[in-house]
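Coordinates in review
Each chain is listed here by its residues.
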Amino acid sequence: MSLLNWLDHLDKILFVLIQHDSDNAILDKIMPVLREPLTWIPLYAFMLYYSFRQGRNKTWPFIVLTLLTFAITDTVTAQLLKPMFGRLRPCHDPELQSYLRGLVDCGGLYSMPSNHAANHFGLAAFWYFSIREMNGKKWHWLWLWAAAICYAQIYVGKHYPFDILAGAITGCLTALGTFRLFVYWEHRQRTRPPFFTRTALKDEALL
């Protein structure tokens, strides 16, 4: 058995362990809700409110780059990586049909990497590093939030564990890039003179 085949086999064993063998009546109701975007609207509203509390020079870079992080992770995973890897979702794999419990709809054809994992780990990483940069706070719970959503994706049968891992790596790498943009943008805002000061300096230069 080649390394790739062995990893695929291991991935399916872990998937069955989480999705089938670890079934629980309470989790069957919680996990589908946990992975729904609408569930987290209060969190997104809180992050928006929190960003406005940090001052205008930090608010707009934070909001714009949050949206950019999400746009990159969602587009890259859905439009580039999933077609490139071409790995079928568990619900489309004939070997696993007897293990699936049908907690949610199947969704698209491909599963590697997970959009949910890329998007939520991208947001978690960008928020964590940006907030630490702004005021030194370390919101470790953001990692637990992203991990819980990703676990729910496996539990309901949408993704294999390695799909989640690949998505999380994609999200974190994207967030590191947008975080560097945040640091640069915030530094420029902090060191740039106010508008009227810049105008006065230009007038003096002309004289």
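Here, every reference points to the structure presented above.
Residues numbered from 1 in each chain as written. Predicted model: local features only at pLDDT ≥ 70, side-chain atom pairs only at ≥ 80, totals over all residues. Heavy atoms only, no water.

**Some thoughts on the packing of helix α4 (residues 56–85) against helix α5 (residues 115–135)**
Close contact between α4 and α5 brings their axes to 9 Å; oriented N to C, the two are set at 155°. As far as their axial angle goes, α5 and α4 are roughly antiparallel. For the pair α4 and α5, the sense of crossing is right-handed. Seen from α4, the contacting residues are Lys 58, Phe 62, Leu 65, Thr 66, Thr 69, Phe 70, Thr 73, Asp 74, Thr 77, Ala 78 and Lys 82; seen from α5, they are Asn 115, Ala 118, Asn 119, Gly 122, Leu 123, Phe 126, Trp 127, Ser 130, Ile 131 and Met 134. Among the residues making up the contact of α4 with α5, the classes are represented as 10 nonpolar, 8 polar and 3 charged. (Axes fitted to C-alpha atoms, helices over the stretch in contact; angles between N-to-C directions. Helix = DSSP H or I, 4+ residues; strand = E, 2+ residues; numbered from the N terminus. Parallel < 35°, antiparallel > 145°, perpendicular 65-115°, else oblique. Left-handed = near helix turned anticlockwise from the far one by under 90°. Contact = heavy atoms within 4.5 Å. Nonpolar A, V, L, I, M, F, W, Y, C, P; charged D, E, K, R; others polar.)

**Quick word on the packing of aromatic side chains**
The tally for this structure, following the rule as stated, stands at 18 aromatic pairs. When the ring of Trp 40 is compared with that of Trp 145, the centres are 6.0 Å apart and the planes differ by 80°; the resulting orientation is edge-to-face. Here Trp 145 lies in helix α6 (residues 141–155) and Trp 40 lies in the loop between α2 (25–34) and α3 (41–52), a separation of 105 residues in the sequence. Neither residue differs from the other here; Trp 40 and Trp 145 are each classed as buried. With a centroid separation of 5.3 Å and an interplanar angle of 80°, the aromatic rings of Tyr 128 and Phe 129 are classed as edge-to-face. Each of the two residues, Tyr 128 as well as Phe 129, counts as buried. (Phe/Tyr/Trp six-rings, centres within 6.5 Å; stacked < 30°, edge-to-face > 60°. Buried < 20%, exposed > 50% of the residue type's maximum accessible area, 1.4 Å probe, protein only.)

**Brief notes about the layout of surface pockets**
In this structure, the largest pocket encloses a volume near 350 Å³. In this structure, the largest pocket is lined by 16 residues; those nearest its centre are Tyr 44, Thr 66, Phe 70, Leu 123 and Trp 127. Those elements that provide at least two residues to the lining of the largest pocket are α3, α4 and α5. When residues in the lining of the largest pocket are grouped by element, the largest group, 6 residues, is from α5. Of the residues contributing to the lining of the largest pocket, the split by class is 10 nonpolar, 6 polar and no charged. As a volume, the second largest pocket reaches approximately 200 Å³. As for the second largest pocket, its lining consists of Leu 4, Leu 7, Asp 8, Asp 11, Phe 85, Arg 87, Met 112 and Phe 162. In terms of residue count, the dominant contributor to the lining of the second largest pocket is helix α1 (residues 3–21) (4 residues). The residue inventory of the lining of the second largest pocket, partitioned by class, reads 5 nonpolar, no polar and 3 charged. (1 Å grid on protein atoms, 1.4 Å probe; cavity = no way out; pocket = protein on both sides within 12 Å on 5 of 7 lines; lining within 4 Å. Points joined across faces, edges and corners; volume = space filled by probe spheres on them.)

**Observations concerning the pattern of salt bridges**
Side chains that carry opposite charge are capable of pairing whenever their charged atoms lie near each other. A full pass over the atoms with the stated rule returns 8 salt bridges. The shortest N-O distance in the salt bridge between Lys 12 and Asp 8 comes to 3.5 Å. Residue Lys 12 and its partner Asp 8 are both found in helix α1; the two are separated by 4 residues, about one turn of the helix. Residue Lys 12 is classed as buried on the basis of its relative accessible area of 13%. Judged by relative accessible area, which is 28%, Asp 8 ranks as partly exposed. Glu 36 is the salt-bridge partner of Arg 35, the closest N and O atoms lying 3.5 Å from each other. (Salt bridge = Lys/Arg side-chain N within 4 Å of Asp/Glu carboxyl O.)

**Remarks on α2**
What sets the pattern is the α-helix's 3.6 residues per turn: residues three or four places apart point alike. Where α2 is concerned, the buried positions are Met 31, Pro 32 and Leu 34. Buried residues along α2 cover an arc of 155° about the axis, so they all sit on one side. Structural note: α2 exposes Ala 25, Ile 26 and Lys 29 on the side pointing more than 90 degrees away from its buried face. Each element contacted by the buried residues of α2 is listed here: α6. (Arc of directions from axis to C-beta.)

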